Amino acid sequence: MADPARPAWADSFLTIHDRIQAWIDSALERHSSIPYSGGHDEGTFIASWFGYHRLFGEPRVLEFARFLRDGFARRARENMLHGFYRTGEVHHQTEMYICFLARLWQVAPDDDTAELIVDAAHHIGNWVEGFPAWYDWDERRFLSWRIGTEEVGSGASAGYEVPDHFRLIQMALVAHRITGDARYLELSSAYADRWAEAILAAPADEPPTVLRSGTSAADEDEVRYAVGAQHQGESVLERVEPHVPAGTVDVMLDLFALIGEQRYADAARRICEALMPALADPYSNPPGALLHRYRAATGDTSLDEDVLEHLTAGIEQTLAGLDGMLRLLEQTRVSGYALAAARLYAALADNPFAAGELDEMADRYEELVGERPVTGARAESPAMIIETLNPAPVAGIGKRRDMVRWGWENELGGLRPTSSPPPPSLMLAWQITGDEALAAHALRTVSQRMALAVSSLRDGRSHGCGGSSTGAVASGHGRDGGYGNVTGAFFPLAGMLRDLCQEDLVVRYRGPGGEPHLPERVASLVRHLPGGGAEVHLFSNAECRLALDVALGDGKWQTVELPPGEAMTANLP
């Protein structure tokens, strides 16, 4: 239950902390004694735990991650060949490396984790003799989507590339950070240049999803399968969708940070533009997260107005329709107009962009009918729906047929679907506008979803990229590119940004004892300023005065004195 003495955002922030901690506690009881079984994505369900450890300093996260890593290493020695799968493809066989091992190494570098990543990355540029080549250096292209240390696709399975190949580039960039070896960066930049050229040469609403070589013999079915099961049509969103789970934008922004060449930022921007129509879709987490990363990494605010237009599209028309129904109801007292008005109200009831106007119209409705049109979303019970019966792919960004759906249960026991943009989109809107209500709504939604997930769903160890798991709710399913409710909204609101597969602390914290993380009972809300710098709102729920140090990146520490039960703001240059 919310504490009225705390700011709404801080109340939800602290609740999210407690719910993730409770999930970790219970999941460790279930999984700590179960040996690694060899699933291709068996460790990815804890992807959000690494950011949680970095933010709050939970040591058991690393202990369990190393337990899984050692199990993966044993299976690799027994079943793989020179650190990678003997046969496979770039989508599934890269997942443990970029979604688990890379995250572990980023937060806790050690030789054992590094060796597993680098052994696999050796094959990306044909750097080990006696194994089939994956990459053509002269043409800057991969030879097939189907790769392995014993077999690489040929004939009908060769001569084309799809966004999934960026997963290999993610591995190469992490190997570059581990080793400092320039060859990994050389390959990554050369390959990304080829895609950047194609992306920037294409119309903004037709991003390329297939690059064919001149000798390609691949048939259309093979290519469509490699592009992804979600890619079923020719709409803008379906054309750009394969770039999201592949990590195209993240790779371009990683290279922009490493090399500084504007073409990488331009290519990332082009993909982000194509994603904007999905910003208001309640089930599309990645667009808001990716646009925020682009905006924070480049300082480019030129898309801000378009972002807000996409987030509020259709609201004005619905409000106008509601106003019209209320006018007719006032003039005629016909019950049908009251029913129509209630339905229009319900269509926006949990959308924070309509909150002010809806409150005024609810007052008008109550004067005419004698009761509120529906109980407001804040007073209703959030609901989670699991729907996996339809085998057809779900069109759009961040969609899988087995994903959970979100809604509200009203006082009559009925369900209505959510109408609010997803938490990462609200996080982005907060970054643009500074409207604290948007950040509070995003955090409240994350808190509610994690509570529902932990109480009802499996953890996700047996199928990390599946949609109906707590891990998927937290860090995204297989089509989300690692951006779920926690990784895509909570972590950015706490001052973290994606960097080489893992969320990093852009705003650093140091507790009163010198511990390099946020104290347990402190909430932090960060707004990244486009010209550099950050605005950090802090709230302490401790019983006594607390001194907290904060810093932006590698900048100087700034001490903030936090009185108990009060919010403070630190401006970091």
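Note that the coordinates shown come from a computational prediction; the quantities given were computed from them, not determined experimentally. (Residues numbered from 1 in each chain as written. Predicted model: local features only at pLDDT ≥ 70, side-chain atom pairs only at ≥ 80, totals over all residues. Heavy atoms only, no water.)

## Overview of the overall build of the protein chain
Assigned secondary structure in the protein chain consists of 21 helices and 15 strands. Counting only C-alpha atoms and orienting by the principal axes, one finds that the protein chain spans roughly 80 × 55 × 45 Å. Looking at the protein chain residue by residue over its 573 residues, the buried ones come to 58%. Summarising the internal contacts of the protein chain: among those between residues at least 6 apart in sequence, 67% fall at separations of at least 24. Summed over its atoms, the accessible surface of the protein chain is roughly 21,900 Å², and 49% of this surface lies on carbon and sulfur atoms. One way to put it: in the protein chain the 50 positive side-chain charges average out to a point 2 Å from where the 81 negative ones average out. (Helix = DSSP H or I, 4+ residues; strand = E, 2+ residues; numbered from the N terminus. Buried < 20%, exposed > 50% of the residue type's maximum accessible area, 1.4 Å probe, protein only. Contact = heavy atoms within 4.5 Å. Areas by Shrake-Rupley, 256 points an atom, 1.4 Å probe, with all protein chains shown as cover. Lys, Arg positive; Asp, Glu negative; His and termini not counted. Charge placed at Lys NZ, Arg CZ, Asp CG, Glu CD.)

## Comments concerning the sheet that holds strand β13 (residues 546-552)
Picture the strands of a sheet paired through backbone hydrogen bonds; they go either parallel or antiparallel. Strand order across the open sheet formed by three strands is β10-β13-β14, with antiparallel pairing between neighbours. Looking at strand neighbours, the two that pair on one side only are β10 (507-510) and β14 (558-562), the edges of this open sheet. Taking the axes of each pair of neighbouring strands and ignoring which way they run, one obtains an average angle of 30° across the sheet. Two strands pair when backbone bridges link them, and β13 and β14 are joined in this way by five bridges, in the antiparallel orientation. Within β14, the residue paired with Ala-547 across the bridge is Glu-561. (Pairing = 2+ DSSP bridges. Axes fitted to C-alpha atoms, helices over the stretch in contact; angles between N-to-C directions.)

## A few points about helix α8 (residues 220-227)
Every buried residue of α8 is listed here: Glu-222, Val-223, Ala-226 and Val-227. Across the axial projection of α8, the buried residues extend over an arc of 135°, all falling on one side. What points out from α8, more than 90 degrees from its buried face, is the exposed set Asp-221 and Tyr-225. Where α8 is buried, its residues contact β3 (160-161) and β4 (211-212). With its phi angle positive at about 135°, Gly-228 sits one or two positions after the end of α8. (Arc of directions from axis to C-beta.)

## Observations concerning the environment of Ala-494
Tracing the chain through its elements places Ala-494 in the loop between α21 (485-493) and β8 (496-499). Given a relative accessible area of 0%, Ala-494 falls into the buried group. Ignoring sequence-local partners within four residues, the contact set of Ala-494 consists of Phe-13, Leu-55, Tyr-509, Ser-524 and Val-526.

## Quick word on the pairing of strand β9 (residues 502-505)
Examined bridge by bridge, β8 and β9 share four bridges and lie antiparallel to one another. Bridging from a neighbouring strand, Met-496 pairs with Leu-505 of β9. Two successive antiparallel strands, β8 and β9, enclose a turn made up of two residues, where Leu-500 displays a positive phi of approximately 50°.

## So, the packing of helix α12 (residues 262-275) against helix α13 (residues 286-298)
One can describe the packing of α12 onto α13 by two numbers: an axis separation of 10 Å at closest approach and a directional angle of 150°. When the interaxial angle is binned, α12 and α13 end up roughly antiparallel. Here the hand of the crossing between α12 and α13 comes out left-handed. Taken together, the residues of α13 that come into contact with α12 (itself represented by Ala-265, Ala-268, Arg-269, Cys-272 and Leu-275) are Pro-287, Leu-290, Leu-291, Tyr-294 and Thr-298. (Parallel < 35°, antiparallel > 145°, perpendicular 65-115°, else oblique. Left-handed = near helix turned anticlockwise from the far one by under 90°.)

## Comments concerning the sheet that holds strand β15 (residues 567-572)
Pairing is antiparallel in the open sheet, where three strands are placed in the order β11-β12-β15. Either end of the sheet is taken by a strand with one partner, and the two such strands are β11 (522-528) and β15. Ignoring which end each strand starts from, the neighbouring axes of this sheet average 20° apart. Set on the sheet, helix α1 (residues 8-31) makes contact with β11 and β12 (534-540); between it and β11 the angle comes to about 115°.

## Some thoughts on the packing of aromatic side chains
Following the criterion strictly, the structure yields 24 aromatic pairs and no others. A connected cluster of aromatic rings, assembled from ring pairs, spans Trp-127, Tyr-135, Trp-137, Phe-142, Phe-166, Tyr-184, Tyr-191 and Trp-195. Across the ring face of Tyr-483, the terminal group of Arg-498 is positioned such that the distance to the ring centre comes to 4.0 Å. The positively charged end of Arg-508 is found above the aromatic ring belonging to Trp-557, 4.4 Å away from the centroid. (Phe/Tyr/Trp six-rings, centres within 6.5 Å; stacked < 30°, edge-to-face > 60°. Lys NZ or Arg CZ within 6 Å of the ring centre and 35° of its normal.)

## Focus: unusual backbone geometry
Most peptide bonds take the trans form, and the phi angle of most residues other than glycine is negative. One non-glycine residue, Asn-126, lies in positive phi territory at about 60°. For Asn-126, the location among the structural elements is in the loop between α5 (111-121) and β1 (135-136). Exposure remark for Asn-126: the relative accessible area of 29% places this residue in the partly exposed category. At Arg-140, a residue that is not glycine, the phi angle is positive and equals roughly 55°. By secondary structure assignment, the location of Arg-140 is in the loop between β1 and β2 (141-142). Arg-140 gets classed as partly exposed once you look at its relative accessible area, which sits at 25%.

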